[in-house]
Amino acid sequence: MRYLPLTPEDRASMLATIGAKSVDDFYTDVPEAARLKGKVPGLPDHQGELAVERHLTRLAAKNRSASSGPFFVGAGAYKHHVPATVDMIIQRSEFLTTYTPYQPEIAQGTLQTLFEFQTQVAALTAMDVANASMYDGSTACAEAAVMAARVTRRKKVILSGGLHPHYAAATRLLCEAQGLEVVQLPVAIDGEGELAKAVDGETACVIGQSPNVFGTVTDLSGVADAAHGKGALLVSVFTEAVSLGMVTPPGEMGADIAAGEGQSIGNGLNFGGPYVGLFSVRDKLVRQMPGRLCGETVDADGNRGFVLTLSTREQHIRRDKATSNICTNSGLCALAFTSHMTLLGGKGLKQLAELNHEAAVELADALTSVKGVELLTPRFFNEFAIRTPMDAEAVLAMLDEAGIVGGVRASRLFPGDHLGDVILIAATECTTADDIAAYADALKEII
Amino acid sequence: MTTYYTKDHEWIRVEGDTGTVGITAYAAGQLGDVVYVELPESGAKIAKGDGFAVVESVKAASDVYAPISGSVVEANTGLADAPEKVNEAAEGDAWFVRIKIADPGELDGLMDEAAYTAYCEGL
Amino acid sequence: MTMNSTGRPTAPTSVSAAAIETVSGSRGLLQHEDLLFEIGTPETTGVDLPKPKGLKSRLGGVARKVDTGLPGLSEPQAVRHYMRLSQKNYAIDLGLFPLGSCTMKHNPRLNEKMARLPGFGDIHPLQPQATVQGALELIDELATWLKTLTNMPAVAMSPKAGAHGELCGLLAIRQALIARGDGETRKRMLVPESAHGTNPATAAQCGFIVDEIKANKRGRVDMADLKAKLEKSEDVAGIMLTNPNTCGLFETDIREIADLIHKAGGYFYCDGANFNAIVGRVRPGDLGVDAMHINLHKTFSTPHGGGGPGSGPTVLSEALAPFAPVPFVVKDEDGIFRLVEQVDGEASESFGRMVAFHGQMGMFVRALAYMLSHGADGLKQAAEDAVLNANYIQARLKHVMSPAFDGYCMHEALFSDAFTADGIETIDIAKALIDEGYHPMTMYFPLVVHGAMLIEPTETESKAELDRFCDALESIARRAAQGDDTLKGAPYLAPAKRLDETRAARKPVLKWAAPDASKVAAE
Ligand SMILES: Cc1ncc(COP(=O)(O)O)c(C=O)c1O
């Protein structure tokens, strides 16, 4: 077996050193009835690389990849180009095959990239401090809600009707487990502003999203003011990190906590994971943050160095009083994020955002030129919702036959909300003029 | 002016109906470098035995328990920017809070300096 | 003779490296590298993008006001930036990484290659299910492996890491209690004091109250204490027990513990972080477990990536299976795979959704590639070799170090600092290992052993590598026993000396800030 270096002779000599007769001696604490006599039944034996590769390649071939044709699916994950350099960097052994930087003397590489990541995330979200990553956007959102309850010592969390339903579900679950009350505002394509009316003196936080799940961008400043006026916090969520290049970021709207998904920068689609949760806050909330933080210091020679810090917030020290149970986070995805961001630079990100926006503008214009198609999203960045005169599922199936993956039917995310004729559609820098024309032409045929 | 000590290593110096509370030099030494102190706000009501503050080193966070019930008259806000004072002057400048004592009778079970010293030697 | 005027010295003369100062800050192969913010400019970019056309914006004025100001680097600069930083890291590909509880084993590159197939890496979680049948089949196949290896009837695939799997298990327990009408009364979760920090933290996140149980002299659950804690049992929700436990020992009384907790009306959560010691030899389903997370990034070799991502599928017993989170994959009679995404119909008792989308697909591909490579025979052999390696280390070092407990260990060997001279601590031994070219062991965990040193070699080390490691640690241990003060300054040979953690925590600097212009001018 190619992953096991010990030879039969090694094993025999090691057993002799130990003074054991066989490895069975090490398993004598296992209850008799639970000791398997042979191998676990029902599973195949080992295989060579070629055989494994053949099997998995066959499975992969059954899936249609986003790059194989016109592709317009968004709603929380986005098809962007990832530079070859990024993938090379994250495959470096020294980053890929190391652990959490618990021993800073031999982990300055990881630590410095985390420090740079935190700086970038803070700047992108226009907040004071960012942590070293969460699992993904949805869990970042849930953690933001429970953090807000801790900070305000209040128990009510209000979710906008434009919040991604998966984010809302993850947040509701964690909040209810902790005895918090969750108020879900009704689905509204342009409803982020409604949050301002819902906030009251018992509210811990309101959670708004911009761009929201329908693509609508909203300035949440008014919501922030309303929340602060009642002693509540604003949690500002985003699922499309590229939007931060040109859309008003959480910090400019007065958010107290920003929670979002970083997949769009440096990370592939991967069928939903692994992704990277971005989490940033105002300075005064730092000690209530979940997750790891990397900080600057000096070593014994006085040279600059970095360490994990403020760890008393975390599970390994604070145990049941920790701010979160998170341990393993999304380190390597954060490295992909930060290295892609480094290649882009501020100017490059802005340009990338503009390209995304223009692709979406052209797509929206092309699709609404089809008779019967209605654009529902009033202000958008790179995704929007349309209403078609037919059932969305049927439309998408016919588009599929034309080789086009036309978006997500809204009813998949909002099953009970009468959105059967609504499609959520995204465009990115990967979307070509031909893709747009093909979509519009096919839609014309179908309707 | 009398100083009393608890088994959890807090001290309280009583002047009239006010008590000044902190952690002992012994406790500060055990903690190592103190990096952060979280204090209650003035006006907060605290009950004997409850955790009212947290003192942190790099690798540990410890609750500080109230030696007596009362309301916080003043918190030593200077500690926020200079937590190292706890290591330098735990039983002096680095006091945590001043409390208006609700019931002086609660002081009865506490140790005096000699008893506390003996208690620490036994640990 | 013919004069040769090209002669140069070919035998070295010796000067101590410490005496050499360099102008560049680099030291030979170890290149100095400043922060990105000190070397890049906001105008620089390492990507070539087309020029935007200048179309009219549809943002409706919701536009960013202040530029990020973030610097970029050209591609060659960026490559060097990260390569130079990478050289300051230790990695499993470089050498033994004996971090106890973390299972730092070899990460096969085949797994990376498979995860990058466009059919896995470049598919969207919300594209039509008909276009991702191979992906759903892969999830189903991996689920079958996990259920078979654990002998458990169900598995939740969406948890993002071990701690998230713990949350999944406890939410299932919470939901089961609610369904029984015990949700309000049963709030006490028993957790051994030796548990990993995520266990009590997760219990608290789920609204449970943590009740610690003691360890006995053999490093296992103190049964007397457990029984006492169960005497009044109406409020007991369950127990969270790690097995093999964090001391690297199999819980001898595990069956009895399972029976006791079930009799008390609670559920048995098993922390499966240490599954590597028993995979292929013992199935947790045969031990009375109700829920257990499996860290794919430990037992099944998906890389740790400097802190993540992980993946924490959680197997569930018959009692908890109905409450499993959405989404999950089902295979219909026509052979079509289907995602159940909503809490209704066949998932009407589900406790809900933990996360966006369907879990860590990238990790699923890697883990399945690893399982297929090893097979049932190889996984069993891997567990046995992992345990053999740990016992070999324990046997080789027990004369110079202090084993925390008597008897054989499982996949990790645990020592206390009892053997060290006054003034020498566990951290000094750990840092001295760095100078010998090793990553230190896990230190000061578990909390039940003073100055704990937890050494997990894993099965992917050769005997020669283990011997080299033991020789190094043995010599350090002897120095520690003799009170050799030079240990206090270790490491001497690493890219950085010991770092000032007090300073980092007292005045946190958590991001780069441009130097204050007025101060720079004054200098
Ligand atoms: C015993 C134990 N339990 C739980 C965890 C948490 O797992 P993760 O880091 O994947 O969240 C770990 C890992 O560090 C562990 O060692």
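Numbering of residues starts from 1 in each chain and follows the order in which that chain's sequence is written. All chains are assigned letters beginning with A, and all ligands numbers beginning with 1, in the order in which they are written. Residues qualify for local features only when their pLDDT is at least 70, as the model is predicted, and side-chain atom pairs are given and counted only at 80 or more; totals for whole chains, interfaces and linings, by contrast, use all residues. Note: side-chain values were computed over all heavy atoms of the structure, leaving out hydrogens and water.

## What to know about the overall build of chain A
Assigned secondary structure in chain A consists of 14 helices and 13 strands. Dimensions of chain A, computed from C-alpha atoms along their principal axes, come out at roughly 80 × 55 × 50 Å. Whether a residue is buried, partly exposed or exposed follows from its accessible area with a 1.4 Å probe, protein chains only, as a fraction of its type maximum: under 20%, in between, or over 50%, in that order. Taken over 447 residues, chain A has a buried fraction of 68%. In chain A, the proportion of contacts linking residues at least 24 apart, taken out of those at least 6 apart, comes to 71%. As presented, chain A carries roughly 13400 Å² of accessible surface, and 51% of it is formed by carbon and sulfur atoms. The positive charge centre, built from 37 side chains, and the negative charge centre, built from 52, are 6 Å apart in chain A. Think of it this way: any DSSP run of H or I at least four residues long counts as a helix, any run of E at least two long counts as a strand, and we number them from the N terminus. Should any heavy atoms of two residues lie within 4.5 Å, those residues are counted as being in contact. The Shrake-Rupley method, run with a 1.4 Å probe sphere, supplies the accessible areas, and residue values consider only the shown protein chains as cover. Two residue types count as positive, namely Lys and Arg, and two as negative, namely Asp and Glu; His and chain ends fall outside the count. Taken as the charge centre is NZ of Lys, CZ of Arg, CG of Asp or CD of Glu, depending on the residue.

## Remarks on the pattern of salt bridges
We define a salt bridge as a side-chain nitrogen of Lys or Arg found within 4 Å of a carboxyl oxygen belonging to Asp or Glu. Evaluation of the coordinates by the stated rule reveals 61 salt bridges over all chains. For D17 of chain B, the salt bridge is made with K100 of chain B, and the minimal N-O distance between the two is 3.4 Å. Taken together, the residues span a long stretch of sequence, with D17 of chain B in the loop between β2 (10–15) and β3 (18–23) and K100 of chain B in strand β9 (residues 97–101) at a distance of 83 residues. According to the relative accessible area criterion, D17 of chain B is partly exposed, its value standing at 41%. Among the charged side chains, a network of salt bridges with common partners joins R188, D211, D225, K229, K232 and D235 of chain C.

## Some thoughts on the interface of chain C and chain B
Taken together, the contact pairs five residues of chain C with nine residues of chain B. Buried area is calculated as the accessible area (1.4 Å probe) missing from two parts once they are joined, with the contributions of both summed. Per-residue buried area on chain C facing chain B is highest for E501, T502 and R506 of chain C; these three make up 75% of the total on that side. Summed over the shared surface of chain C and chain B, the number is two salt bridges. Measuring nitrogen to oxygen at the nearest pair gives 3.2 Å for the salt bridge that ties E501 of chain C to K59 of chain B. Distance and chemistry together define a polar contact, namely a pair of N or O atoms within 3.5 Å, with one atom able to donate a hydrogen and the other to accept it when in protein, and with adjacent residues in sequence counting only for side-chain atoms on both sides. Run the count over chain C and chain B and you get five residue pairs in polar contact (both at pLDDT 80 or more). In terms of residue class, the side of chain C that touches chain B is made up of one nonpolar, one polar and three charged. In the scheme used here, Gly and all other residues not listed as nonpolar or charged are polar, with Ala, Val, Leu, Ile, Met, Phe, Trp, Tyr, Cys and Pro taken as nonpolar and Asp, Glu, Lys and Arg as charged.

## Overview of the domain arrangement of chain A
Residue and element names in this part refer to chain A. One can read the domain layout of chain A as domain 1 (69–81 + 346–446) and domain 2 (84–340). What marks off one domain from the next here is an automatic or database domain assignment. Put simply, the middle of domain 1 and the middle of domain 2, counted by C-alpha atoms, are 27 Å apart. On the side of domain 2, 29 residues touch domain 1, which itself brings 30 residues to the contact. Of the roughly 2400 Å² buried where domain 1 meets domain 2, counting both sides, 70% is carbon and sulfur surface. Applying the counting criterion to the domain 1 and domain 2 interface returns one salt bridge. With a closest N to O distance of 2.9 Å, D190 and R379 form a salt bridge. Residue contributions to the side of domain 1 that touches domain 2 peak at seven residues, all from helix α11 (residues 331–368).

## Concerning the site of the ligand
Contacts to the ligand come from 15 residues, most closely from T328 of chain A together with S101, D271, H297 and K298 of chain C. Each residue is tested against the molecule or strand, and it is near if at least one of its non-hydrogen atoms lies within 4 Å. More than one chain approaches the ligand, the contributing ones being chains A and C. Here an oxygen atom of the ligand sits 2.6 Å away from a polar atom, N or O, in the side chain of S101 of chain C. At three residues, helix α6 (residues 162–180) of chain C tops the list of elements feeding residues into the shell around the ligand. Broken down by class, the residue content of the shell around the ligand amounts to five nonpolar, seven polar and three charged.

## Notes on the environment of G288 of chain C
All names here are of chain C. Within the secondary structure, G288 is located in the loop between β5 (267–271) and β6 (291–293). Its relative accessible area of 11% is what places G288 among the buried residues. Through-space distance from the C-alpha of G288 to that of I254 is 8.1 Å; in sequence the pair is 34 residues apart. Sequence-distant contacts of G288, defined by excluding residues within four places in its chain, comprise R255, A258, H262 and F268.

## Brief notes about the environment of I39 of chain C
All names here are of chain C. Locating I39 in the fold gives a position in helix α1 (residues 36–39). A C-alpha to C-alpha distance of 9.0 Å links I39 and Q77, two positions 38 residues apart in sequence. In contact with I39, not counting residues within four places along its chain, are E33, D34, L73, Q77 and H81.

## Thoughts on the packing of aromatic side chains
Here the aromatic set is Phe, Tyr and Trp, taking the six-membered ring for Trp, and pairing holds for ring centres within 6.5 Å; pairs whose planes are under 30 degrees apart are stacked, those over 60 apart are edge-to-face, and all others are tilted. Scanning the model with the defined rule gives 16 aromatic pairs over all chains in all. Measuring from centroid to centroid gives 5.5 Å for F117 of chain A and F337 of chain A, while their planes differ by 80°, and the two rings are edge-to-face. With a gap of 220 residues between them, F117 of chain A in helix α5 (residues 108–125) and F337 of chain A in helix α11 connect regions that are remote in the sequence. Consider the rings of Y438 of chain C and F469 of chain C, whose centres lie 5.1 Å apart with planes at 85°: the pair is edge-to-face.

## Remarks on the interface of chain C and chain A
With 210 residues of chain C at the contact, the number on the chain A side is 195 residues. Carbon and sulfur atoms make up 62% of the area that chain C and chain A hide from each other, which totals about 16900 Å². In this structure, the connection of chain C to chain A is made through 15 salt bridges. With a shortest N-O distance of 2.4 Å, D365 of chain A and R58 of chain C are connected by a salt bridge. The biggest single contributor to the side of chain C that touches chain A is helix α10 (residues 361–397) of chain C, with 27 residues. Of the residues assigned to the side of chain C that touches chain A, the class counts are 106 nonpolar, 55 polar and 49 charged.

## Structural notes on the pairing of strand β4 (residues 34–38) of chain B
Residues and elements named next belong to chain B. For β4, the tally of buried residues reaches four of five residues, placing the bulk of the element in the interior. Where β4 meets strand β6 (residues 51–57), four bridges bridge the pair, whose relative direction is antiparallel. Its bridge partner lying in β6, V37 is registered against V55. DSSP-based pairing: two strands are paired if at least 2 bridges between them are found.

## Some points on the nonpolar core
Side-chain atoms within 4.5 Å link the members of a nonpolar core, which is a set of buried Ala, Val, Leu, Ile, Met, Phe, Trp, Tyr and Cys residues. Counting residues in hydrophobic clusters, the biggest one holds 127 residues, and the most contacted among them are L56 of chain A together with L226 and F300 of chain C. Grouped together as the second largest cluster of nonpolar side chains are 94 residues, A66 and A75 of chain A together with I173 and L510 of chain C included.

## Quick word on the sheet that holds strand β6 (residues 257–261) of chain A
Residues and elements named next belong to chain A. The strand order β1-β7-β6-β5-β4-β2-β3 describes an open sheet built from seven strands, whose pairing is mixed. Only two strands of the sheet have a single partner each, and these edge strands are β1 (129–130) and β3 (181–184). Where strand β2 (residues 156–159) meets strand β4 (residues 203–209), four bridges bridge the pair, whose relative direction is parallel. Directly across from V157, in β4, lies its bridge partner C205. In this description, a line fitted to the C-alpha atoms serves as the axis of each element, helices being fitted only across the stretch in contact, and the angle between N-to-C directions of two axes falls anywhere from 0 to 180 degrees. Contacts between helix α6 (residues 137–152) and the sheet are confined to β2, β4, β5 (233–238), β6 and β7 (277–281), with β6 contributing the most and set at about 165° to the helix.

## Notes on the side chain of E456 of chain C
Residues and elements named next belong to chain C. As for its position among the elements, E456 is in the loop between β13 (453–455) and α12 (463–482). Within the buried core, E456 has no salt-bridge partner, and the shortest N-O distance to an opposite charge, that of K298, equals 7.0 Å. Within the structure, the side chain of E456 is placed 3.2 Å from the backbone nitrogen of C102, a separation counted as a polar contact. A polar side-chain atom of E456 sits 2.8 Å from a polar atom in the side chain of T103. Contacts of E456, omitting those with residues within four sequence positions, involve F97, P98, L99, G100, S101, C102, T103, H411 and E412.

## Digging into α6 of chain A
Residue pairs spaced three or four apart in an α-helix point in one direction, given the helix's 3.6 residues per turn. Residues and elements named next belong to chain A. One less than the number of residues in a helix, times 1.5 Å, gives the span that helix is expected to have. An ideal rise of 1.5 Å per residue puts 22 Å on 16 residues; α6 measures up with 22 Å between its terminal C-alpha atoms. Extensive coverage of α6 is indicated by the burial of 14 of its 16 residues. Two residues or fewer after α6 comes R153, characterised by a positive phi angle close to 55°.

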